[in-house]
Amino acid sequence: MLFRSLPSNTPLQSLMLANDVIFVEAAAAIGDRVAALPGSDDGRIDAIFELCLARRPSPRERELAGDFLRSQTAADQPASSWRTLARGLINTDNFVTRE
């Protein structure tokens, strides 16, 4: 019999992932790397999910990420939106727990 725990992030774990210097710098590096990729935002969304979660996004995740990027992207600072998206992905249970 296998025991499988339910996914969860405790508030303390979420705060640590959101604010720890290592994770902030990692998200910035991932965001900058993805922002510099040639091609479309859909391709970049695939890339950021693969870098952060080792998988492609579901259609719904791709839609939500695209909506977020369109709402956040400033013409002079497009990398900042990718950094923020990377921080969000890093702060998920999928990033913390590999199955």
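In this report, the structure presented in the accompanying data block is examined. (Residues numbered from 1 in each chain as written. Predicted model: local features only at pLDDT ≥ 70, side-chain atom pairs only at ≥ 80, totals over all residues. Heavy atoms only, no water.)

## Some remarks on the overall build of the chain
Now for step 1: Across its full length, the chain carries six helices and zero strands.
Now for step 2: Ordered by position in the sequence, the α and β elements of the chain form the string α-α-α-α-α-α.
Now for step 3: Burial status across the chain gives 25% buried among its 99 residues.
Now for step 4: Considering only contacts within the chain whose residues lie at least 6 apart along the sequence, 57% involve residues at least 24 apart.
Now for step 5: Summed over its atoms, the accessible surface of the chain is roughly 6,600 Å², and 59% of this surface lies on carbon and sulfur atoms. (Helix = DSSP H or I, 4+ residues; strand = E, 2+ residues; numbered from the N terminus. Buried < 20%, exposed > 50% of the residue type's maximum accessible area, 1.4 Å probe, protein only. Contact = heavy atoms within 4.5 Å. Areas by Shrake-Rupley, 256 points an atom, 1.4 Å probe, with all protein chains shown as cover.)

## Describing the packing of helix H3 (residues 41-53) against helix H4 (residues 59-72)
Now for step 1: Running from amino to carboxyl end, H3 crosses H4 at an angle of 110 degrees, the nearest separation of the two axes being 10 Å. Relative to H4, the element H3 is oriented roughly perpendicular. Seen from above, H3 lies across H4 with right-handed handedness. For the pair H3 and H4, the contacting residues are Asp 42, Ile 45, Asp 46 and Phe 49 in the first and Glu 61, Arg 62, Ala 65, Gly 66 and Leu 69 in the second. (Axes fitted to C-alpha atoms, helices over the stretch in contact; angles between N-to-C directions. Parallel < 35°, antiparallel > 145°, perpendicular 65-115°, else oblique. Left-handed = near helix turned anticlockwise from the far one by under 90°.)

## Brief notes about the pattern of salt bridges
Now for step 1: All told, the structure shown has eight salt bridges when counted by the stated rule.
Now for step 2: With a shortest N-O distance of 2.8 Å, Glu 61 and Arg 55 are connected by a salt bridge.
Now for step 3: Residue classification places Glu 61 among the partly exposed residues on the basis of a relative accessible area of 23%.
Now for step 4: Within the structure, one salt-bridge network assembled from shared partners comprises Asp 46, Glu 50, Arg 56 and Arg 62. (Salt bridge = Lys/Arg side-chain N within 4 Å of Asp/Glu carboxyl O.)

## Looking at helix H2 (residues 21-35)
Now for step 1: Compared with an ideal rise of 1.5 Å per residue, which puts 15 residues at 21 Å, H2 spans 21 Å between its outermost C-alpha atoms and is within 8% of the ideal.
Now for step 2: Among the residues of H2, Ala 27, Ile 30, Gly 31 and Val 34 are the ones counted as buried. Along the axis of H2, the buried residues cluster in a sector spanning 100 degrees; they form a single face. For H2, the exposed residues lying more than 90 degrees away from the buried face are Val 21, Ile 22, Glu 25 and Arg 33.
Now for step 3: Those residues of H2 that are buried lie in contact with H3 and helix H5 (78-90). (Expected span 1.5 Å × (residues − 1). Arc of directions from axis to C-beta.)

## A short note on the packing of H2 against H5
Now for step 1: Close contact between H2 and H5 brings their axes to 7 Å; oriented N to C, the two are set at 130 degrees. Between H2 and H5, the angle falls in the class oblique. For H2 against H5, the interelement crossing comes out right-handed. Mapping the contact onto sequence places Phe 23, Val 24, Ala 26, Ala 27, Ala 28, Ile 30, Gly 31, Asp 32, Val 34 and Ala 35 in H2 and Ala 79, Trp 82, Arg 83, Ala 86, Arg 87 and Ile 90 in H5.

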